[in-house]
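Examination of the molecular architecture
Chain by chain, the residues run as shown.
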Amino acid sequence: MTGAAAAAARYAGTRVPRVEDPRLLTGHGTYVDDVTRPGMLHACFVRSPLARARILGVDAAEALAVDGVHAVFTAADLNPDVREQWYTLIGKDVPDTPRPPLAEGEVRFVGDPVAMVVATDRYVAEDAAELVAVDYEPLPPVVDYAAAGESAELVHDGYPGNLAGEFPGAPFEEVEPVFAEAPVVVRRTIRQQACSQVPIETRGMVAEWSGPAGELTIWAATQSPHEVRLFCSRLLGLPEQRVRVVMRDTGGGFGQKVIPQREDMCVMLAARKVPGPLKWIEDRRENLQSAGMARHAHGDVRIALDDGGAILAAAIDYVEDVGAYPVPWPVGTSAAVGMFFPGPYRVPKAAWATASVFSNTSGRTAYRGPWQFESLARELLLDSAARRMGLDPAELRRRNLLRRDELPYTNPCGVPYDGITPLETFEQALKMLDYEAFRREQELARAEGRYIGVGTCTYVEPTSAAMALHATEGATIRIEPSGKVNVYVSGGSSGNSIETTVVQLTADALGVDIADVSTVQGDTAVTPFGGGAAGSRSGSMTAGAVAETASVLRERIVAIAAHRLEADPGDIELDGGRARVRGVPEAGVTLAEIANAAYFQPETLPPDVPAGLEASGRYRPEHPLIYANATHLCTCEVDVVTGAVKLLRYIVSEDCGPMINPNVVEGQIAGGVVQGIGNALCEHLAYDADGNPVATTFMDYLLPTAAEIPDIEYGHVETPSPGPGGYKGVGEGGAIGAPPAVANAVADALAPFGAEITSLPLTPETIVALVRGADGTVTR
């Protein structure tokens, strides 16, 4: 960049109050259900009560006779209108799985949408939906994904063995000699239950078709408004510029709202067939029943070690349940489980394979760290190996964790690591606990009949994936004639505080007061194209986009100021919304004066400076992935009579590079940790043997509350990434590290009983069984 050098950061790295808080904390947020349009109609879905059945007929006559009902749509009405149906996130040529908007010919899980009722209000639509008569011929469901390969029944024709896809990684034959000769081999089958993302706000959409203009406007609860726009344009065969998507506030997504699902397709397709804007808001029962599940998987995992505890090889054979209609294509994500299974450890050899299997249950969807199983399996296995060898689990990890001075390092699956600090974060977490003091306390507690334990998880998190929709990120910055600044980026408010961090970065980049910067996000009509919030990408990608764009404006501002002040551009300093001559503080000009000249007095500008102070830029990362890492440490007390688990302390030592805003970083960690604790101890999106979901309310699907969560303690190690500002992503790590840390803490507490934890969740019933000598396995 020519002209003045960038000033030192004034706001980045500080705990600037979140700019969205006044709106959200006073109840003035705008969510999809707050959108009201003239003449708006409401949609409700008729859903299958059976896990698998043939649809023999749909009779909507009685529903259509209800006053206020405008239409009842079935597959015959909507499905033929589909033009193209693929996600920018994964590309057109991926062998994606079948995904009809409404069930056609056969229903494939309880909650499968069969028809959509449109009425004057939600109450009429719900009442009328109960009157739609569907004639079903029950078919045997495939409920247990682990046995689906041997089933005579198929979830989808054309997929033998119910196999959605598989990924063969490094062949197992390459590591078999190591396992055959190793002094110590530990092998387990680790199982993880199905969970739900449970956003506070359920899914929802409002679609308004303007026939004369040929335009569709969509208000969506989404993490990626530009993905919704692109998908909709392809689905309906509309030019992109005829589709506008508006995302205001979104009450959590966690992967469930990254891309449109089948109900969203139905609203898009029906919007051109009804006489007014169409709104669909999902209720909680629908969300738990039909919005998708995550995590459900098992793996045959092995680790080989020498007599000193050094890891010689690791292997994982991973199988995941993808339900009936996974979104998006699950096979690609499953490969990450195999590739990251060695983790941040010194592992010479590794082998892996993954398989994605259909079942007659709700479809698999993304959830914070979709590859998280690799950390769960690896960290449970390491604790088992330590107990087998008579080593403290912390000592075993010390002997194998990568150190900063060993980087760059490529793991045996070909994943290149750099800029991470596994051993350093591990040691920081142990120091924060005073690990040796805890071990002494543990001995005393056991002598008193109390069972306390400590568990850790150290992992590497891939962030800022530069691929497909996520390959670049744009920003537009407009300095108004008053000197105030607006920055436009693609994302929106979904809990990741990108509003705050973008304002901080822009204020620093232009040398203006943060109070003079506002941001516009989430409206595809005015914001530059971008991927939105997914894959822990927002921080580093928007930082790059803001830097690219601000550098153009900064150079222009400096040139104008230097011209007016008759100074050398290299002597111009920008700070506090004012351009000054270095060493001559009284010689300066305000940004408002510069903007006034740029817009209204172009004849006064230097010859090579264009009029106006507005610019757009696009950031393309040089590195396809940026890695963050952390260590989670948990201590707990287990009541061996009731099976109750009380978490005592929870510590996270995180390396996400320099922090744009520590409050935001810690908030992201905390949210993920709470979700991970729930995954470990209580959450279970369970089905019975007939494929009926048995956890469709919060009476059955248990979530952790503030009463169960200890204060989370944070430690930070800051190693810059090769990306802009040295920033790394932090959105998914909390949910990755918490389940294994909690599970290992429970296992450590129960070590005197010889308990081995191989299955989640760790409910009181499971823990009592472990104490009594059973393996505690949950089969569904």
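These numbers were taken from a predicted model, which means no experiment stands behind them.

With respect to the overall build of the chain
Check the secondary structure of the chain and you find 19 helices and 28 strands. Over its C-alpha atoms the chain spans a radius of gyration of 28 Å, differing by no more than 12% from the 28 Å that the globule rule assigns to 780 residues. Across the 780 residues in the chain, those meeting the buried criterion constitute 60%. Long-range contacts, defined here as pairs at least 24 residues apart, represent 80% of the contacts in the chain between residues at least 6 apart.

A word on the sheet that holds strand S24 (residues 584–590)
The strands making up a sheet associate through hydrogen bonds between their backbones, and the pairing can be parallel or antiparallel. Read from one edge to the other, the open sheet built from three strands follows the order S22-S23-S24, with strand pairing classed as antiparallel. Edge positions in the open sheet fall to strand S22 (572–575) and S24, since each of these has one partner strand only. The sheet shows a mean angle of 35° between the axes of neighbouring strands, taken without regard to direction. In the sheet, S22 pairs with strand S23 (residues 578–581) via four bridges, with the strands oriented antiparallel. Within S23, the residue paired with Glu573 across the bridge is Arg580.

Some points on the sheet that holds strand S7 (residues 163–168)
An order of S7-S15-S14-S13-S8 is seen for the five strands of this open sheet, with the pairing classed as mixed. Looking at strand neighbours, the two that pair on one side only are S7 and strand S8 (184–192), the edges of this open sheet. Geometrically, the sheet is characterised by an average inter-axis angle of 10° between neighbouring strands, direction not taken into account. Summarising the sheet, S7 and strand S15 (residues 349–358) pair through five bridges and their orientation is antiparallel. Residue pairing across strands places Gly165 opposite Ser356, the latter belonging to S15. Where helix H9 (residues 330–340) meets the sheet, it contacts S7, strand S14 (311–323) and S15, and its direction lies at approximately 155° from that of S15.

Topic: the packing of helix H10 (residues 373–389) against helix H18 (residues 733–749)
A packed helix pair is summarised by two numbers, namely the angle formed by the two axes and the spacing between the axes. For the pair H10 and H18, the least separation of the axes is 8 Å and the interaxial angle reads 25°. By the criterion of interaxial angle, the relationship of H10 to H18 is roughly parallel. As for how H10 packs across H18, the hand of that crossing is right-handed. Contact residues: Ser375, Leu376, Glu379, Leu380, Asp383 and Arg387 in H10; Ile736, Pro739, Pro740, Ala743, Asn744, Ala747 and Asp748 in H18. Here the residues of the contact of H10 with H18 sort into seven nonpolar, two polar and four charged.

Here we look at the nonpolar core
By size, the foremost hydrophobic cluster in this structure holds 93 residues, and its most contacted members are Phe373, Tyr417, Tyr650, Ile677 and Leu762. A per-element tally of this core places H18 first, with nine residues. Dropping the residues within four chain positions of it, Leu762 is found in contact with Ala680, Leu681, Ala743, Val746, Ile757, Ile767 and Leu770. Counting 47 residues, the second-largest nonpolar core is a separate cluster that includes Val16, Ile479, Ala545 and Ala598.

Brief notes about helix H19 (residues 764–771)
Three or more residues of H19 are buried, namely Thr766, Ile767, Val768, Leu770 and Val771. Its buried side turned inward, H19 meets strand S26 (626–638), strand S27 (645–655) and H18. Phi turns positive, to about 110°, at Gly773, one or two residues after H19.

A closer look at helix H13 (residues 435–447)
Counted at 1.5 Å a residue, the expected span for H13 with its 13 residues is 18 Å, and the 19 Å between its end C-alpha atoms agrees. Here H13 has its buried residues at Tyr435, Phe438, Arg439, Gln442 and Ala445. An end-on view of H13 places all buried positions within 120° of arc, on one side of the element. Seen from the buried face of H13, the exposed residues on the opposite side, beyond 90 degrees, are Arg440, Glu443, Leu444 and Ala447. Tucked inside the fold, the buried residues of H13 contact helix H11 (393–398), helix H12 (422–433), strand S18 (451–463), S26 and H18. Remark: Gly449 follows H13 within two positions and exhibits a positive phi of approximately 85°.

Notes on the environment of His70
With respect to the element layout, His70 can be found in strand S3 (residues 69–74). On the basis of relative accessible area, His70 is assigned to the partly exposed category, the value being 41%. For the pair His70 and Val117, spaced 47 residues apart in sequence, the C-alpha separation works out to 7.9 Å. Setting aside residues up to four positions removed in sequence, His70 forms contacts with Leu41, Val118, Ala119, Thr120 and Pro275.

Describing the pairing of strand S9 (residues 204–210)
As paired strands, S9 and strand S12 (residues 278–281) are joined by four bridges and run antiparallel to one another. Residue pairing across strands places Gly204 opposite Ile281, the latter belonging to S12. Pairing of S9 with strand S10 (residues 215–220) involves six bridges; the strand directions are antiparallel. Its bridge partner being in S10, Trp209 is matched across the sheet by Leu216. Connecting S9 to the antiparallel partner S10 that follows it, the hairpin turn spans four residues, and Gly214 within it adopts a positive phi of roughly 65°.

Focus: the side chain of Ser497
With respect to the helices and strands, Ser497 occurs in the loop between strand S20 (485–489) and helix H14 (498–510). A polar atom in the side chain of Ser497 sits 2.7 Å from the side chain of Arg18. Leave out the neighbours within four places in its chain, and Ser497 touches Arg18, Glu20 and Val664.

Thoughts on the state of the cysteines
Taken as a whole and assessed by the stated rule, the structure comprises zero disulfides. Here Cys195 is not disulfide-linked; the sulfur of Cys682 is the nearest cysteine sulfur, at 8.9 Å.

Remarks on unusual backbone geometry
A cis amide bond, omega -15°, links Val327 with the succeeding residue Pro328. Along the chain, the position of Pro328 falls in the loop between S14 and H9. Here Leu407 and Pro408 are connected by a cis peptide whose omega angle stands at 0°. Its identity is not glycine, yet Asp434 carries a phi of approximately 65°, on the positive side. Position of Asp434 among the secondary structure elements: in the loop between H12 and H13. Looking at Asp434, the relative accessible area reads 41%, which means it is partly exposed.

Regarding the pairing of S23
Alternating residues of S23 divide into Ala579 and Val581, all buried, and Arg578 and Arg580, none buried. From the end of S22 to the start of S23, which pair antiparallel, there are two residues, and Gly576 there has a positive phi angle of about 65°. Taken together, the four bridges between S23 and S24 define a ladder with antiparallel strand orientation. In the sheet register, Arg580 faces S24, and the bridge partner there is Gly588. Between the antiparallel neighbours S23 and S24 lie two residues, among them Gly583 with a positive phi of about 85°.

So, how was this worked out
- Residues numbered from 1 in each chain as written.
- Predicted model: local features only at pLDDT ≥ 70, side-chain atom pairs only at ≥ 80, totals over all residues.
- Heavy atoms only, no water.
- Helix = DSSP H or I, 4+ residues; strand = E, 2+ residues; numbered from the N terminus.
- Rg over C-alpha atoms; globule rule 2.2 N^0.38 Å.
- Buried < 20%, exposed > 50% of the residue type's maximum accessible area, 1.4 Å probe, protein only.
- Contact = heavy atoms within 4.5 Å.
- Pairing = 2+ DSSP bridges.
- Axes fitted to C-alpha atoms, helices over the stretch in contact; angles between N-to-C directions.
- Parallel < 35°, antiparallel > 145°, perpendicular 65-115°, else oblique.
- Left-handed = near helix turned anticlockwise from the far one by under 90°.
- Nonpolar A, V, L, I, M, F, W, Y, C, P; charged D, E, K, R; others polar.
- Core = buried A, V, L, I, M, F, W, Y, C linked by side-chain atoms within 4.5 Å.
- Expected span 1.5 Å × (residues − 1).
- Arc of directions from axis to C-beta.
- Polar contact = N/O pair within 3.5 Å; in protein donor to acceptor, adjacent residues only side chain to side chain.
- Disulfide = S-S within 2.5 Å.

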